[in-house]
Amino acid sequence: MEIPLSVTETAGVARHEPVTFGLPIPQGALGDMDAIVLFDGKKSIPTQSRALVRWPDRSVKWLLVSGRVELTSD
């Protein structure tokens, strides 16, 4: 499953910023937390992720993801 996320820089300052977000996941779609990858363009970036709630089948129901993204001043 791929879920697009867009972070837009609005102050005109290039920088690296932390992002944290939660995602609802359909039952059975995510069982292995090692499958989580956050991309900044085509480059994968280090993340921390945690299952906040699990479905009865133990797959992830709510996922919390944190990482740092590079923002450009464009």
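Please refer to the structure placed before this passage.
Nothing here was measured: the structure is a model prediction, and the numbers come from that model. (Residues numbered from 1 in each chain as written. Predicted model: local features only at pLDDT ≥ 70, side-chain atom pairs only at ≥ 80, totals over all residues. Heavy atoms only, no water.)

K.L.:
Just checking my understanding: could you explain the environment of Arg-68 for this structure?
P.N.:
Turning to its location among the elements, Arg-68 is positioned in strand S5 (residues 60-71). Of the residues examined, Arg-68 reaches a relative accessible area of 49% and is grouped as partly exposed. Between the alpha carbons of Arg-68 and Leu-38 there is a distance of 9.5 Å; along the sequence they are 30 residues apart. Once residues within four sequence positions are removed from consideration, Arg-68 is found in contact with His-16, Glu-17, Pro-18, Ile-45 and Pro-46. Among the polar contacts listed, one links the side chain of Arg-68 to the backbone oxygen of His-16, at a separation of 3.4 Å. (Helix = DSSP H or I, 4+ residues; strand = E, 2+ residues; numbered from the N terminus. Buried < 20%, exposed > 50% of the residue type's maximum accessible area, 1.4 Å probe, protein only. Contact = heavy atoms within 4.5 Å. Polar contact = N/O pair within 3.5 Å; in protein donor to acceptor, adjacent residues only side chain to side chain.)

K.L.:
How should I be thinking about the side chain of Glu-9 in this particular structure?
P.N.:
Tracing the sequence through the fold places Glu-9 in the segment before strand S1 (15-24). Within the local environment of Glu-9, its side chain forms a polar contact with the backbone nitrogen of Ala-11, the two atoms lying 3.0 Å apart. Reaching out from Glu-9, the side chain makes a polar contact with the backbone nitrogen of Gly-12 at a distance of 2.6 Å.

K.L.:
Looking at this structure, how should I read the sheet that holds S5?
P.N.:
Picture the strands of a sheet paired through backbone hydrogen bonds; they go either parallel or antiparallel. Strands sit in the order S1-S5-S4 across an open sheet of three strands; the sheet is antiparallel. The two strands at the open ends of the sheet, each matched to only one other strand, are S1 and strand S4 (47-54). Across the sheet, the axes of successive neighbouring strands diverge by a mean angle of 15°, strand direction being ignored. Bridge count between S1 and S5: 10 bridges; the pairing is antiparallel. Bridging from a neighbouring strand, Phe-21 pairs with Val-65 of S5. (Pairing = 2+ DSSP bridges. Axes fitted to C-alpha atoms, helices over the stretch in contact; angles between N-to-C directions.)

K.L.:
Where do I start with the pairing of S5 in this structure?
P.N.:
Within a regular strand, the side chains alternate between the two sheet faces. Sheet topology places S4 next to S5; seven bridges connect them, and they run antiparallel. What sits directly across from Ser-49, in S5, is Val-65. Here S4 folds back onto S5, and the loop between the two strands holds five residues, one of which, Arg-58, carries a positive phi near 75°.

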